Amino acid sequence: MTDEPRDPKSHTEVHRVADPEATRVAGYLAQPDEVGRVLLLYSGGLDTSVMLKWIQEQYEAEVVALTVNLGQPGEDFEVVRGKAMDLGALDCFVEDAREEFARDYVLPAIKANALYGGGYPLFTALGRPLIARLAVEHAHRAGCDTIAHGCTGKGNDQVRIEGTVATLAPDLGIIAPVREWQMGREEEIAYAREHGIPVKGGTEAPPYSIDDNIWGRSSEGGPIEDLQEPPRDDVFELVSRPEDAPDQAEHLDVEFERGCPVALNGERLGLVDLLERAAEIGSRHGVGIVDHLEDRIVGLKVRDLYEVPAAEIILTAHKELEKLVGTIHQNNFKPALENQWAFLAYAGLWHEPLREDLSAFMDAVNEHVTGTITLRLYKGRATPVRRSSPFALYDPELAGFGESGGLFSQAASPGFIELWTLQSRMAFGVRNRGKGTG
Ligand code: ARG
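Before going into details, it helps to say that this report is about the structure given with it. (Residues numbered from 1 in each chain as written. Predicted model: local features only at pLDDT ≥ 70, side-chain atom pairs only at ≥ 80, totals over all residues. Heavy atoms only, no water.)

### Section: unusual backbone geometry
- Of note in this structure, leucine 122 is not a glycine but carries a positive phi near 75°.
- Relative to the elements of secondary structure, leucine 122 occurs in the loop between α4 (98–111) and α5 (123–141).
- Even without being a glycine, arginine 258 presents a positive backbone phi close to 45°.
- Within the element layout of this structure, arginine 258 appears in the loop between β8 (250–257) and β9 (260–264). (Helix = DSSP H or I, 4+ residues; strand = E, 2+ residues; numbered from the N terminus.)

Here is the structure:
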């Protein structure tokens, strides 16, 4: 036998060497020895608090925390920051991203009348790409090599966050401790007790998974998973029960300029304030409760209970205004594109070029979506009752039976009907030839 250098690609070689890269499920997943400093997306809740300690222990890594304010009602971000520091974070940044969220994520969704599955206005889905982008920026600035988040392996949020990070920052690794640590809620609480992590509400806290921002609030899990059970009252924290809403209806004027809501009842407001105000008014009238059965991107079906008072009000008014200013062709065509827009946003493909192309279309249509819609709010319903726009394609003279001007002649209608139905009549005749249809 001669001492020939071995061909590294020979079959024997391939079988003999265990290549750790071959078992890496995704290129962006960080291996333990690659993790030195972690940017953790921190909410202050149980999962990410346990995680803050767990990463330091398991990876012997430093942790920098980031908390993003998207208008979660009632959150005290100074308390969240303090908690992160107590748990050993090198630093904890609190980023107020409400303006950007409203302008660059919620507004395009309004222009697209975005609803997934006919009921979910996407507040969580819209927030994730922004949170992920801020994580990337802070990770780079703070010298982190890895981003960690608190999503489980069963949901859409892991897809949105990891997909966005991998798109924007191929240099960063990602870890998702909840997917690997095999702790249930009980074990997490035990871990928290052992490590001096305060547990909000103790074991008695309602067992729901909550996510919220200025565009809505969701509850999942626990008793909600039982499809035989109607929603329990302890789920709802924002919207009052329709049966408890005032007996007196309230009228609300919602004014738009080029598709953007700009005033409520004649008072001009910035978008963040306007959405908060709309949520308040809607909540009082029980508007925006959605019991939603949803097809997740990862295949599972899930039941979500949504409280979306602002979205219910703004989208209802916006759709109504579009009906008034859009042509029959625009109005019939746009929903198909809206559906596609909502699906891409839901599915974590915010940076997909088609999503941006569709947004450009929505912007173009919305150039003329200016005017005011009055909604009647009453016991869980928001119903348009008044409409006006300088671009309205509505002319009571033409629509009524009065003498019409030069644009429309009733006398021409039979001629139109004859031509409009020509092919359908011919097809009917041909297909029924000899059948004696009389
Ligand atoms: N099902 C919704 C979605 O996929 C809401 C998710 C809420 N997230 C949460 N972590 N609770 O967007």
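### Here we look at the packing of aromatic side chains
- Applying the stated criterion across every chain yields a total of 12 aromatic pairs.
- Centre to centre, the rings of phenylalanine 333 and phenylalanine 361 are 6.0 Å apart; their planes meet at 80°, and the pair counts as edge-to-face. Of this pair, phenylalanine 333 sits in helix α11 (residues 328–346) while phenylalanine 361 is found in helix α12 (residues 353–366), placing the two residues 28 residues apart along the sequence.
- With a relative accessible area of 26%, phenylalanine 361 lands in the partly exposed category.
- Taken together, a centroid distance of 5.8 Å and an interplanar angle of 15° make the contact between phenylalanine 416 and tryptophan 420 stacked. Of this pair, phenylalanine 416 and tryptophan 420 both sit in helix α14 (residues 413–420), 4 residues apart, roughly one helical turn.
- Judged by its relative accessible area of 64%, tryptophan 420 falls in the exposed class.
- Site record: aromatic cluster; members linked through ring pairs are Tyr116, Tyr120, Phe123, Tyr306 and Tyr346. (Phe/Tyr/Trp six-rings, centres within 6.5 Å; stacked < 30°, edge-to-face > 60°. Buried < 20%, exposed > 50% of the residue type's maximum accessible area, 1.4 Å probe, protein only.)

### So, the packing of α5 against helix α6 (residues 157–168)
- Contact geometry of α5 with α6 gives a least axis separation of 9 Å together with a crossing angle of 40°. Here α6 runs oblique to α5, going by the angle between their axes. Pair α5 / α6 crosses with right-handed handedness. Counting all contacts with α5, which are made through Thr124, Ala125, Arg128, Pro129, Ala132, Arg133 and Val136, the residues of α6 involved are Asp157, Arg160, Ile161, Thr164, Val165 and Leu168. (Axes fitted to C-alpha atoms, helices over the stretch in contact; angles between N-to-C directions. Parallel < 35°, antiparallel > 145°, perpendicular 65-115°, else oblique. Left-handed = near helix turned anticlockwise from the far one by under 90°. Contact = heavy atoms within 4.5 Å.)

### Section: the pattern of salt bridges
- What the rule picks out here adds up to 31 salt bridges.
- A salt bridge links arginine 241 to aspartate 233; the shortest N-O distance between them is 3.2 Å.
- Judged by its relative accessible area of 31%, arginine 241 falls in the partly exposed class.
- The salt bridge partner of glutamate 257 is arginine 268, with a shortest N-O separation of 3.0 Å. Of the two residues, glutamate 257 sits in strand β8 while arginine 268 sits in strand β10 (residues 267–268), which places them 11 residues apart along the sequence.
- Accessibility expressed as a relative area gives 32% for glutamate 257, which makes it partly exposed.
- Taking relative accessible area as the criterion, arginine 268 reaches 53% and is therefore assigned exposed.
- Taken together, the salt bridges that share partners define one network made up of Glu100, Arg133, Glu137 and Arg141. (Salt bridge = Lys/Arg side-chain N within 4 Å of Asp/Glu carboxyl O.)

### Concerning the site of the ligand
- Within the structure, the ligand sits among 14 residues, and Tyr120, Asn156, Arg160, Glu294 and Asp304 are positioned closest to it.
- In this structure, asparagine 156 approaches the ligand through a side-chain N or O atom, which is 2.7 Å from an oxygen atom.
- Relative to its unbound accessible area of 350 Å², the ligand is 89% covered by the protein chains.
- Breaking the shell around the ligand down by element, the ones donating at least two residues are α5, α6, β6 (209–213), β7 (216–220) and β12 (301–307).
- Broken down by class, the residue content of the shell around the ligand amounts to 3 nonpolar, 4 polar and 7 charged. (Near = heavy atom within 4 Å. Polar contact = N/O pair within 3.5 Å; in protein donor to acceptor, adjacent residues only side chain to side chain. Areas by Shrake-Rupley, 256 points an atom, 1.4 Å probe, with all protein chains shown as cover. Nonpolar A, V, L, I, M, F, W, Y, C, P; charged D, E, K, R; others polar.)

### Notes on the pairing of β9
- Counting buried residues along β9, 5 of its 5 residues qualify, which places the element largely inside the surrounding structure.
- Pairing geometry for β8 and β9, over 4 bridges, is antiparallel. Directly across from phenylalanine 256, in β9, lies its bridge partner proline 261.
- Hairpin connection from β8 to β9: 2 residues lie between these consecutive antiparallel strands, with arginine 258 at a positive phi of about 45°.
- Two strands pair when backbone bridges link them, and β9 and β10 are joined in this way by 2 bridges, in the antiparallel orientation. Along β10, the bridge assignment pairs leucine 264 with glutamate 267.
- Adjacent in sequence and paired antiparallel, β9 and β10 are bridged by 2 residues, among which asparagine 265 carries a positive phi angle near 50°. (Pairing = 2+ DSSP bridges.)

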